[in-house]
Amino acid sequence: MTMKYWLMKTEPTTYSIQDLEKESNQTTCWEGVRNYQARNLLRDEIQEGDRVLFYHSACKEPAVVGTAVVSRQGYPDHHAFDKRSKYYDAKCDPENPRWYMVDVTLEQKFGCPVTLASLREKAALTDMVLLQKGSRLSVQPVKKKEFDAVVKLAK
DNA sequence: GCCAACGTTGGC
DNA sequence: GCCAACGTTGGC
């Protein structure tokens, strides 16, 4: 299985790369994704060892702020069954999980975040899912050359 | 805060 | 299965 590349969005007011940095083992579960297209990626496509662009959305300066590695592949998001969780989903049956998550581990926090504006300036990145009009997927595929180009911009 | 784009819900 | 209404996302 060859390594794949992804981009995951998070609102830094909810969970930021600084939060990930502070976790034990700098690892967290990526809970709360409640979109079927993204769910399918989390459940079926994303493999341990895959690389992730960590993206801050809905904030003053939207940007890729670092990279992470998938440290556990898809498993049921148990927050959906927890009434106290903000991600509780009353329609979910633990016997037949609807929502999935993966674990991610911090790889690198960029010293220099790669802003959305700077991504748009790069001709090599015009096909990135993130940059397409109306694109809202919070977990999305990235091509290797795109991943590499973004990492390069962080230097 | 605005609003375009997209996803989901539910009546029919 | 259609589609209007509503809710959410997320850049600006």
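What you are looking at is a predicted structure, and each value in this text was computed from that prediction instead of being measured. (Residues numbered from 1 in each chain as written. Chains lettered and ligands numbered in written order. Predicted model: local features only at pLDDT ≥ 70, side-chain atom pairs only at ≥ 80, totals over all residues. Heavy atoms only, no water.)

Trainee: So what exactly am I meant to see when it comes to the side chain of Glu146 here?
Mentor: Take Glu146: it is sitting in helix H4 (residues 144–153). Of the residues examined, Glu146 reaches a relative accessible area of 2% and is grouped as buried. Once you skip the residues sitting within four places of it in the chain, Glu146 turns out to touch Ala124, Leu125, Asp127 and Met128. (Helix = DSSP H or I, 4+ residues; strand = E, 2+ residues; numbered from the N terminus. Buried < 20%, exposed > 50% of the residue type's maximum accessible area, 1.4 Å probe, protein only. Contact = heavy atoms within 4.5 Å.)

Trainee: Looking at this structure, how should I read unusual backbone geometry?
Mentor: Excluding glycine, residues mostly have negative phi values, and the peptide bonds linking residues are mostly trans. A positive phi angle, near 60 degrees, is found at Asn25, a position not held by glycine. Looking at Asn25, the relative accessible area reads 68%, which means it is exposed. The phi dihedral of Ala58 falls on the positive side, at around 50 degrees, and the residue is not glycine. Following the sequence through the fold, Ala58 ends up in the loop between strand S3 (51–56) and strand S4 (63–76).

Trainee: Before we go on, may I ask you to explain the nonpolar core in this structure?
Mentor: Soluble, globular proteins show a tendency: their nonpolar side chains are buried together. If you look at the biggest cluster of nonpolar residues, it comprises 23 residues, and the most contacted ones within it are Met8, Trp30, Leu42, Ile46, Phe54, Val102 and Val139. Those elements that provide at least two residues to this core are strand S1 (5–10), helix H1 (17–22), helix H2 (36–45), S3, S4 and strand S5 (100–115). In this structure Met8 touches Trp30, Ile46, Val52, Leu53, Phe54, Tyr55, Val102, Val104, Ser138 and Val139, once residues within four positions along its chain are discounted. Listed in part, the 19 residues of the second largest apolar core include Tyr5, Tyr55, Met128 and Val151. (Core = buried A, V, L, I, M, F, W, Y, C linked by side-chain atoms within 4.5 Å.)

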